[in-house]
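Here is what each chain is made of, one letter per residue.
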Amino acid sequence: MIEFDEWEKRMVLKLVYYGPAMSGKTTNLLMLHDLLQQEGRGDLMVLDTKDDRTIYFDLLPFFLVAPSGLRIKLKVYTVPGQVKHDATRKAVLQRADGVAFIADSQVSETSNNFNSFQNLEKNLGFVGLDIEQVPLVVQFNKRDLDRIVAEEEIRRVWDPSGIPVFMSSALYGTGVLETFVHLADRTYAYVDSRYGLAENHGLDKQMFLAQLVRRKTDHA
Amino acid sequence: MNFIGEIKFLVGAEKRLIDVLDEAQILPLFKSAVKAGIEFAAVVDDKNVPLWTLGPCPPASVVGEENWDARCKLLLEGEPVGAVCLRRGQVNPHGCEMMAHLIGDALNSIMANNLKRMLTTEIHTRVVNQSYDELRESHRQLIESEKKYRDLAENLELRVQERTEELKRAYARLLQQEKMVSVGQLAAGVAHEINNPNGYILSNLNTLRKYVGRMTSMLEYYRGLHEAAGSEKWRELKLDVVLGDVDELLDQSVSGAQKVKQIVSAFKGFSHVDDMGVSAVDINHEIDRTLGVLSGEMPGDTRIIKEFGVLPAFEGNGALLCQVFLNLFRNAFQARSEGLQLIITTEHEDDTLRIRFSDNGPGVPDEIHGRIFEPFFTTRDVGHGTGLGLTIAYDIVNGYGGTIEVENSKKGGAVFLIQLPATGRTDGQVR
Ligand SMILES: Nc1nc2c(ncn2[C@@H]2O[C@H](COP(=O)(O)OP(=O)(O)OP(=O)(O)O)[C@@H](O)[C@H]2O)c(=O)[nH]1
Ligand SMILES: [Mg+2]
């Protein structure tokens, strides 16, 4: 849920990277952090981890100002994927404005992906959100590995749902920005439809994405 | 409008500069700067309002971006939230700039660390609270469902008890009904069988008395004809005594047969074979009637004291009421076999008919007080009483919307009190 304070001219948006344990959520954020300029974003905050696995969450904040002076903070969170951290997942999922579901492409992870997606659906319901309404994108990560589900198979399953699906290899930085940009795009549309970002604040989608995604020149 | 200023994130709520910095962390840095020759140091917020300062109090004019010699932005999650500002004093402009950035960098990393710590605490507390809440919720649900099952179990027992009670009563009623029908049929049959012969015994006795009179006249006539021999024979046969006795024998026989006739009709009346329906019943009369058939069961020295009041006719079934009284009488007879004194009072007050049976027996022990009207509850030895008598009485009275209760009187002995609604027509007052 968008936090919007008209008086203060502030808006806080929240994107959540969800998915099964070890699918690469944290890696996605690390890569985003690496790929984007310091300008317009804060530092990646990796809260306590245990054996490199997220216990609480990771947070990558972005900040931009609309021509109207509206200050927008966009916070990208990861949840802990391990089943046992469900309470944390619920807490982080509160008031999400967009969700990226990071699946693990490995054949062996199929049922984990499925369970995690079900868990997402359930927890969205728990925090009062509707999976049909929330801007959502899906990423199949670890495409660089061998024993993975074929892309055609994935498309066959997901395309009918209308949810955009991206192939990625977060460890090598491929597909990470694409996923993020599409999620931001969808979220913009959602927020714009409710708060008139373009109309009332002079912030069109191009501007929004341009401020959010400032690639480092050496990576371009 | 879209004003939702009140809504707060539960986790990761927006922090302000003053949330993530405090004086203790800033002052040492400022002190070093001042020691190095800086005139005035401040942390200002995004509207250039000083939050923390060190050095001589700045004039109002100082509060403005252009009045500082060096500034370094403070960023919170990428958002500019304030700045470190310095007035260089004796320090050269370049050195001042350097110092501002040094302090700015230090504060930025302090802020990041503080924020991280706060977020960790927040999420931790949140998760712990949430788990605690969930635990409490599931605990509550557990207790609730347990309570539901317990209620169910308890109710089940209660309902089984109720049903059993009902069944017992239904069974008792059935028994009673059957008994009444057979008693009634028997009474009707017996009454018929006895009434017929008893009828001609009575009428024959009357005829016989007439005939005996005639024969007596004849005998006296013969004695007159044969004065001497006749008188001799008369004396020999003690006909004076015999003829005197014949009258008495016949009187006794007639009154005996009449008694039989009475008893049979009382029996018939008691069993109400003639009317099993509802009619205007005289309760006092029914009590008398019941007593009539019980004369054989009554201990010899029993004293019955009747204190009957004037009662309106009771709209009901006489046979059933007789059953009530019969059972109360029997109960009294069994309570005391010698020297029983039973006082029966009836009275009418407002809308209630009250019938009291007070005996001078041992009374009802406290421990069985509550059970005395229960079906098959009996304190008597097997073979004496079915344990249904008082239950039947209870059921019948209950059926008329009345109550029956028992108490021990102060003088000892039990007092059974029946209260019936005076449903009867008030015009038909009977004594
Ligand atoms: N080969 C390969 N490994 C990857 C890729 N992305 C992530 N990994 C590895 O997968 C492991 C888990 O990655 P994380 O990003 O920590 O996974 P996570 O989803 O944050 O896991 P949790 O925090 O436990 O939920 C790490 O060893 C990553 O290096 C990828 O695209 N290819
Ligand atoms: Mg992680």
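See the structure above.
Everything numeric here is computed off the predicted structure, so don't read it as measured data. Numbers given to residues run from 1 along each chain, matching the order in which its sequence is written. Lettering for chains starts from A, numbering for ligands starts from 1, and both go in the order in which the items are written. Restriction of local features to residues with pLDDT of at least 70 applies here, the model being predicted, together with a cutoff of 80 or more for giving and counting side-chain atom pairs; totals for whole chains, interfaces and linings are based on all residues. Excluded from the side-chain calculations are hydrogens and water; all other atoms, namely the structure's heavy atoms, are used.

## Let's talk about the overall build of chain A
Operational definition: Strands here mean DSSP runs of E at least two residues long; helices mean DSSP runs of H or I at least four residues long; both are numbered from the N terminus. Burial here depends on accessible area, computed with a 1.4 Å probe over protein chains only, as a share of the maximum for the residue type. Under 20% is buried, over 50% is exposed, and the range in between is partly exposed. Only the protein chains shown count as cover for residues, with accessible areas throughout obtained via the Shrake-Rupley method and a probe of 1.4 Å.
Assigned secondary structure in chain A consists of seven helices and ten strands. The buried share among the 220 residues of chain A stands at 59%. When the accessible area of chain A is evaluated, it comes to approximately 9,500 Å², of which 50% is carbon and sulfur surface.

## Quick notes on the site of ligand 1
Residue and element names in this part refer to chain A. Worth spelling out the cut-off: It suffices for a single heavy atom of a residue to lie within 4 Å of a molecule or strand for the residue to be listed as near it. We call two N or O atoms a polar contact when they sit within 3.5 Å, provided that within protein one can donate a hydrogen and the other can accept it, with sequence-adjacent residues counted only if both atoms are side-chain atoms.
Around ligand 1 there are 20 residues in total, and K25, T27, T54, G81 and D144 lie nearest to it. In the model, an oxygen atom of ligand 1 is placed 2.7 Å from a nitrogen or oxygen of the T54 side chain. L171 has a polar backbone atom sitting 3.4 Å from an oxygen atom of ligand 1. Relative to its unbound accessible area of 650 Å², ligand 1 is 84% covered by the protein chains. Mapped onto the shell around ligand 1, the elements with two or more residues apiece are α1 (25-35) and β5 (53-54). In terms of residues, the shell around ligand 1 owes the most to one element, α1, which gives three residues.

## Re the pattern of salt bridges
Filter applied, for reference: Salt bridges are identified by distance alone: a Lys or Arg side-chain nitrogen within 4 Å of an Asp or Glu carboxyl oxygen.
Applying the stated criterion to the full structure yields 27 salt bridges over all chains. With its nearest N and O atoms 3.1 Å apart, the salt bridge here joins R155 of chain A to E151 of chain A. On the criterion of helical spacing, the pair formed by R155 of chain A and E151 of chain A is a turn pair, its members being four residues apart in helix α4 (residues 151-158). The partner of R209 of chain B in a salt bridge is D251 of chain B, with the nearest N and O atoms 2.7 Å apart. Placement of R209 of chain B in helix α3 (residues 93-225) and of D251 of chain B in helix α5 (residues 239-271) is noted, with a sequence separation of 42 residues between them.

## Overview of the coordination of the magnesium ion (ligand 2)
Residue and element names in this part refer to chain A. Note the cut-off: Coordination shells were defined by N, O and S atoms within 2.8 Å of each metal, extended to 3.2 Å for Na, K and Ca; water is absent from the atom set, which can make sites look incomplete.
On the protein side, the magnesium ion (ligand 2) has T26 (OG1) and T54 (OG1) as donor atoms, found 1.9 to 2.0 Å from it. Residue T26 is found in helix α1, and its partner T54 is found in strand β5; the two are separated by 28 residues along the sequence. Each member of the pair, T26 as well as T54, carries the same accessibility label: buried.

## What about a nonpolar patch on the surface?
All names here are of chain B. Selection rule: Grouping into patches uses exposed residues only, defined as over 30% relative accessible area, and leaves out salt-bridged ones; the cut-off is 9 Å for like charges and 5 Å for nonpolar side chains (Val, Leu, Ile, Met, Phe, Trp, Tyr).
Taken together, the side chains of M218, Y221, Y222 and L225 define a hydrophobic patch exposed on the protein surface, amounting to about 440 Å² of accessible area. In this structure, Y222 sits in helix α3. Looking at Y222, the relative accessible area reads 44%, which means it is partly exposed.

## Focus: the sheet that holds strand β10 (residues 403-408) of chain B
All names here are of chain B. Note the cut-off: Criterion used throughout: strands pair if DSSP finds at least two bridges between them. Here an angle of 0 to 180 degrees is reported between the N-to-C directions of two axes, which are lines fitted to C-alpha atoms, with helices fitted over the stretch in contact.
In space, the five strands of this open sheet follow the order β6-β8-β9-β11-β10, with mixed pairing throughout. With one partner strand each, in any of the chains shown, β6 (303-308) and β10 form the two edges of the open sheet. Each strand of the sheet is rotated relative to its neighbour by a mean of 15°, with strand direction disregarded. Pairing of strand β9 (residues 352-358) with strand β11 (residues 414-421), which is carried by seven bridges, proceeds in the antiparallel orientation.

## Some points on the pairing of β10 of chain B
Residues and elements named next belong to chain B. Note: β10 against β11, six bridges, orientation antiparallel. From the neighbouring strand, E407 faces β11, where its bridge partner is V415. Remark: five residues form the turn of the hairpin made by β10 and β11, two consecutive strands paired antiparallel; G412 in that turn has positive phi of roughly 90°.

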